[in-house]
Amino acid sequence: MLVLKFGGTSVGSAERIKNLAKLTHGNEPKIVVLSAMSGTTNALVNISQTLYEQNSTKASELIDALENKYKIEIQDLYQNPTILEKGKELINYHFHHIRSFVDFPLFTSKEEKIILAQGELLSTAMFHYYLSEIGEKSILLPALNFMRTNKDGEPDLAYIEENIKKELYKYPDSKLFITQGFICRNVNGDIDNLQRGGSDYTACILGAMIDAQEIQIWTDIDGMHNNDPRFVDKTYPISHLSFDEAAELAYFGAKILHPTCILPAQKRNVPVLLKNTMKPEAHGTVISNIEPPEGIRAVAAKDGIYAVTVKSERMLLAYGFLKTIFEIFEKYKTPIDMITTSEVAVSLTIDNPVYLERIVDELKEIAQVEVMKDQTIVAIVGNMSRSETGYGAKIMGAFKDIPLHMISYGGSEHNISVVIDSRYKKKALQAMNKNLFGY
Ligand code: ADP
Ligand code: ASP
Ligand code: MG
């Protein structure tokens, strides 16, 4: 079995959806995981925002605009009048559901998540109907029947494994399954999601749980590039990455992959292939358990970082001080990304500021605390053996005109990270393209 995931741009128009049928054709059994059409989840986020603000007029305008877009797309998508009629009913149904939240007395994140789920529900049904129009059999599997998170908000892998297998066993003669990326139920059974970009995560979890032969992530670029193409002109695709390298790049901001999607695939050793829907003949990137060659593979940057510096003379020659600091972060379930220390101070970074104020209040009881916001972690990823020389000098050379706030070297042989003010990010990525990759 293969798992193929197609992102927003790959299902972004009637033409693109038709093109998908070519890529999913063939005898090999597969699960096709789809995102919402590009722009839809952002539009649903905006609609939800107006509903939080109880601005019904604006919400209705935005809903009408999105519905019109879908009405136009299905005219291009279906030729068969019966299927076109079914398409119209589908759109009516989902937009009627979205409208039911206008003037909702108390709009909360629970309602927002129901609204956000409509994009993937629409795209998957639209593709399923299109396949029936061209005479290809497919089964539409409702992700809400098997994708679930646990009490910590993490995917409940045991539940997912059991339930996806149950769903597949219902159709022993079927070869083509379609399901929604991104959406799931939470521990209370309410509709939830795996965070923005979560369709990659759905695909990798499913691929791992069914021990797929391969997970293919189809997107709008020919694989993982050596640098962020949104900020740097001359970037190139990397043909092979180890799971460790890909996991680091995804976690530290390479948008092509959801931050944690590599881990389930790595655990079950299922290779992940990154491919371009617009250029299927391009090699793309193969992510597997290969022994990566020595060297720097790529850089990525993660924004929205808070750097917290905790300073106290009590740290000098004392033990247990770091433990006390970590316990405060643990109490507020806030993961720490990077750490650097000196005799009397420790700097840490977090990306989730929800409990930052409370954390700082508690830290202030034991030390002086300084917080810097709008920080970016720049991660340099590759296979950088401790016995080799030159990596530090090369990397630091790229930052010669940029103030550095933290440096983390040596935690792993796959990652060297640097924290800078976000306004220097583009300059840093461009300078590294020159210093590390010669462009
Ligand atoms: P999809 O909608 O298919 O999930 P995304 O927009 O989430 O697509 O991810 C693909 C985009 O990721 C690319 O268009 C590219 O701009 C961006 N990107 C950022 N960093 C990288 C990188 N290192 N390699 C490739 N793409 C990257
Ligand atoms: N549609 C969701 C998003 O835009 C999930 C995804 O595309 O992966 O975040
Ligand atoms: Mg994505």
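Our subject is the structure that appears above.
Predicted model, so just to flag it, every value in this text is computed and none were measured.

### Considering the overall build of the chain
- For the chain, the count of helices and strands is 13 helices and 16 strands.
- For 439 residues, the compact-globule estimate of 2.2 N^0.38 gives 22 Å, and the chain sits close to it at 24 Å.
- In terms of its C-alpha atoms, the chain occupies a principal-axis envelope of roughly 75 × 55 × 40 Å.
- Within the chain, the fraction of its 439 residues that count as buried is 54%.
- By sequence separation, contacts in the chain at least 24 residues apart represent 75% of the contacts at least 6 residues apart.
- In the structure as shown, the chain presents an accessible area of about 20,300 Å², 50% of it carried by carbon and sulfur atoms.
- Positive and negative side-chain charges in the chain, numbering 47 and 55 respectively, have mean positions lying 2 Å apart.

### A few points about the site of ligand 1
- Around ligand 1 there are 16 residues in total, and Lys5, Thr219, Asp220, His225 and Lys255 lie nearest to it.
- Gly8 places a main-chain nitrogen or oxygen 3.1 Å from an oxygen atom of ligand 1.
- Contact distances for ligand 1 include 3.4 Å between an oxygen atom and a backbone N or O atom of Ile256.

### Overview of the site of ligand 2
- With respect to spatial proximity, the complete set of residues near ligand 2 consists of Ser35, Ala36, Thr41, Glu120, Phe182, Arg196, Gly197, Gly198 and Ser199.
- Take Gly197: an N or O atom from its main chain is 2.8 Å from an oxygen atom of ligand 2.
- When isolated, ligand 2 has an accessible area of 260 Å², and the protein chains bury 86% of it.
- The class makeup of the residues in the shell around ligand 2 is two nonpolar, five polar and two charged.

### As for the environment of Ser312
- Within the secondary structure layout, Ser312 lies in the loop between strand 11 (295-311) and helix 10 (321-331).
- A relative accessible area of 7% means that Ser312 is categorised as buried.
- In this view, Ser312 contacts Phe321, Val344, Ile366 and Ala367; residues no more than four positions away in its chain are not counted.

What counts, and where the lines are drawn
- Residues numbered from 1 in each chain as written.
- Chains lettered and ligands numbered in written order.
- Predicted model: local features only at pLDDT ≥ 70, side-chain atom pairs only at ≥ 80, totals over all residues.
- Heavy atoms only, no water.
- Helix = DSSP H or I, 4+ residues; strand = E, 2+ residues; numbered from the N terminus.
- Rg over C-alpha atoms; globule rule 2.2 N^0.38 Å.
- Buried < 20%, exposed > 50% of the residue type's maximum accessible area, 1.4 Å probe, protein only.
- Contact = heavy atoms within 4.5 Å.
- Areas by Shrake-Rupley, 256 points an atom, 1.4 Å probe, with all protein chains shown as cover.
- Lys, Arg positive; Asp, Glu negative; His and termini not counted.
- Charge placed at Lys NZ, Arg CZ, Asp CG, Glu CD.
- Near = heavy atom within 4 Å.
- Polar contact = N/O pair within 3.5 Å; in protein donor to acceptor, adjacent residues only side chain to side chain.
- Nonpolar A, V, L, I, M, F, W, Y, C, P; charged D, E, K, R; others polar.

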